[in-house]
Amino acid sequence: MSASLLPLLIAVPLSAAAACVLLRAHPRVTGTLLLTVSALLTAAGAVLLIGTLQHGPMAHGVGLWPAGIAIPLVVDPLSALLLTVTALLVLLAAVFGVAVQDIRHPLFAALVLVLLAGVQGALLTGDLFNLYVFIELM
């Protein structure tokens, strides 16, 4: 996985959360979207973990702005492991939520996906200001 794909680990769950808000009248669709995004992020975390173990840490400045202005996203083996574990736990919680019909709540999937995006962002960020932003998002 290329370092330039790191922002997708935050953008994909946020985009899916927006889609879930728009599709909140269809709980089966939002549940499927929640499970799909959680599974994709678990797989991406595993790929990142393998990549950082083989090649070392990766960094990316969002928007390709110069250092100091761009939002730095950094992943090392520990953060890749935590990304994988959190995405897997969200996947398991989503499976349980779908099984016990919690998904019928109109905003369940959207809120879980926003929480996942906040956790992923907090684990990926490389500065304190954006850590605060992602903690607020959580």
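Residues numbered from 1 in each chain as written. Predicted model: local features only at pLDDT ≥ 70, side-chain atom pairs only at ≥ 80, totals over all residues. Heavy atoms only, no water.

J.: So what exactly am I meant to see when it comes to the overall build of the protein chain here?
T.: What the protein chain contains, in helices and strands, is 5 helices and 2 strands. The order of helices and strands in the protein chain, counted from the N terminus, is α-α-β-β-α-α-α. Against the 2.2 N^0.38 benchmark of 14 Å for 138 residues, the protein chain shows a C-alpha radius of gyration of 15 Å, consistent with a compact globule. Seen through its C-alpha atoms, the protein chain measures out along the principal axes to roughly 45 × 30 × 20 Å. A burial count over the protein chain gives 38% of its 138 residues as buried. (Helix = DSSP H or I, 4+ residues; strand = E, 2+ residues; numbered from the N terminus. Rg over C-alpha atoms; globule rule 2.2 N^0.38 Å. Buried < 20%, exposed > 50% of the residue type's maximum accessible area, 1.4 Å probe, protein only.)

J.: Is there a simple way to explain helix H1 (residues 8–22) in this structure?
T.: Owing to its 3.6 residues per turn, the α-helix aligns residues three or four sequence positions apart on the same side. The terminal C-alpha atoms of H1 lie 21 Å apart, and with 15 residues this matches the ideal 21 Å at 1.5 Å per residue to within 8%. Of the positions making up H1, those classed as buried are Leu9, Ile10, Pro13, Ala16, Ala17 and Cys20. End-on view of H1: buried residues confined to an arc of 140°, all on one side of the axis. (Expected span 1.5 Å × (residues − 1). Arc of directions from axis to C-beta.)

J.: Looking at this structure, I do not really get the side chain of Thr52. What am I missing?
T.: Positionally, Thr52 belongs in helix H2 (residues 27–55). You can call Thr52 buried: its relative accessible area is 2%. In this structure the side chain of Thr52 is engaged in a polar contact, spanning 3.1 Å, whose partner is the backbone oxygen of Leu49. Contacts of Thr52, omitting those with residues within four sequence positions, involve Met58, Val75, Asp76, Pro77 and Ala80. (Polar contact = N/O pair within 3.5 Å; in protein donor to acceptor, adjacent residues only side chain to side chain. Contact = heavy atoms within 4.5 Å.)

J.: Got a minute to help me understand the environment of Thr42 in this structure?
T.: Residue position: Thr42 is located in helix H2. Exposure remark for Thr42: the relative accessible area of 14% places this residue in the buried category. C-alpha of Thr42 to C-alpha of Val85: the two residues are 43 residues apart in sequence and 7.6 Å apart in space. Once you skip the residues sitting within four places of it in the chain, Thr42 turns out to touch Thr84, Ala87, Leu88 and Leu91.

J.: For this particular structure, what's the right way to read the nonpolar core?
T.: The nonpolar side chains of soluble globular proteins are, as a tendency, buried together. Counting 30 residues, the largest nonpolar core has Leu6, Leu9, Leu34, Leu48, Val75, Leu113 and Leu124 as its most contacted members. Within the residue set of this core, elements represented by two or more residues are H1, H2, strand E2 (71–75), helix H3 (77–99) and helix H4 (108–124). The dominant element in this core, judged by the number of residues it contributes, is H4, at 7 residues. (Core = buried A, V, L, I, M, F, W, Y, C linked by side-chain atoms within 4.5 Å.)

J.: What's the story with the packing of H2 against H4 in this structure? I'm lost.
T.: For any two helices packed against each other, one specifies the crossing angle of their axes together with the interaxial distance. Direction vectors running N to C along H2 and H4 enclose 20°, while the axes themselves pass 9 Å from each other. The pairing of H2 with H4 is recorded here as roughly parallel in orientation. Helix-helix and strand crossings are classified by hand; for H2 and H4 the assignment is left-handed. Two secondary-structure elements touch here, H2 through Thr30, Leu34, Val37, Ser38 and Leu41 and H4 through Phe108, Ala109, Val112, Leu113, Leu116 and Gln120. Residue composition of the contact of H2 with H4, by class: 8 nonpolar, 3 polar and no charged. (Axes fitted to C-alpha atoms, helices over the stretch in contact; angles between N-to-C directions. Parallel < 35°, antiparallel > 145°, perpendicular 65-115°, else oblique. Left-handed = near helix turned anticlockwise from the far one by under 90°. Nonpolar A, V, L, I, M, F, W, Y, C, P; charged D, E, K, R; others polar.)

Everything listed is a geometric property; what it means functionally is a separate question.
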